Amino acid sequence: QMVSSSIWDLARSVQSLEMLPGFTRELEPLRRDLASAQNVAPGDWSALTPDIAPGGWSLGHTMDYRYPDTDTTAQVALTLLHSSDRSRYQLAIARAVRWVQGMRNPDGGFPVWDRVASDWLPVVFEKYFHSPFRLSDPSQVDVSSRILKVLNEFSHDPMFKDLVRRQDLDKT
């Protein structure tokens, strides 16, 4: 793997461990670490989407804050939702849900990094993947399905159901 996926890996690990009885308290420090890595400053993605407030997470701790991705963000938000002290993460979760929904492509799916094709995406690949090629960031089926699953879970939660736009679940 070309870059660290430490945030993604930690979120998915916590989700797996929380299914085991007796792990709740032990997982809270890991959730706090995840929450502290949220990107709350506009990044390069905001050049084409200035109306979307920041709130995403990058794939790994070593990636620049300017490059959050929708898939990791949805997974971290879900991990925070399952906290025994989730009110502590209410603001981080709200930012994440709004950011992910704002990144939805016009075709109804979700990209990884950028809602529309842009000039900064090649910079990400050059910097982190050492691959200087140009590309766009179209909607991805696997990413979209995971995000829709997470948004659906939020839509049934009393604390967050009003954040999820119903059309985001009905559109696909």
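Throughout this description, residue numbers start from 1 for each chain and increase along the sequence as written. With the structure being a predicted model, the display of local features is reserved for residues of pLDDT at least 70 and the display and counting of side-chain atom pairs for 80 or more, all residues being used for whole-chain, interface and lining totals. Side-chain calculation: all heavy atoms of the structure are included, whereas hydrogens and water are not.

### Side note on the pattern of salt bridges
Quick note on the threshold: Note on definitions: salt bridges are taken to be side-chain nitrogens of Lys or Arg within 4 Å of carboxyl oxygens of Asp or Glu.
Enumeration according to the criterion identifies five salt bridges in this entry. Here the salt bridges share partners, and the residues they tie into one network are Glu18, Glu28 and Arg31.

### Comments concerning the environment of Leu78
The condition that has to hold: Put simply, DSSP H or I for four residues or longer makes a helix, DSSP E for two residues or longer makes a strand, and each gets a number counted from the N terminus. Working definition: with a 1.4 Å probe on protein chains only, accessible area under 20% of the residue-type maximum means buried, over 50% means exposed, and in between means partly exposed. Any pair of residues with heavy atoms lying within 4.5 Å of one another is described as a contacting pair.
Within the secondary structure layout, Leu78 lies in helix 3 (residues 70–81). The class of Leu78 is buried, set by a relative accessible area of 10%. Put simply, Leu78 and Arg12 are 66 residues apart on the chain and 9.6 Å apart in space, counted from C-alpha to C-alpha. In contact with Leu78, not counting residues within four places along its chain, are Gln15, Val150, Glu153 and Phe154.

### Side note on the nonpolar core
What counts is decided by this rule: Definition used in this section: a nonpolar core is a set of buried Ala, Val, Leu, Ile, Met, Phe, Trp, Tyr and Cys residues joined via side-chain atoms within 4.5 Å.
In this structure, Trp57, Leu80, Ile93 and Phe154 are the most contacted members of the largest nonpolar core, which totals 38 residues. Elements with a minimum of two residues in this core: helix 1 (6–17), helix 2 (24–36), helix 3, helix 4 (90–102) and helix 6 (141–155). In terms of residues, this core owes the most to one element, helix 4, which gives seven residues. Of all hydrophobic cores here, the second largest spans five residues; its members include Val3, Trp8, Met63 and Tyr67.

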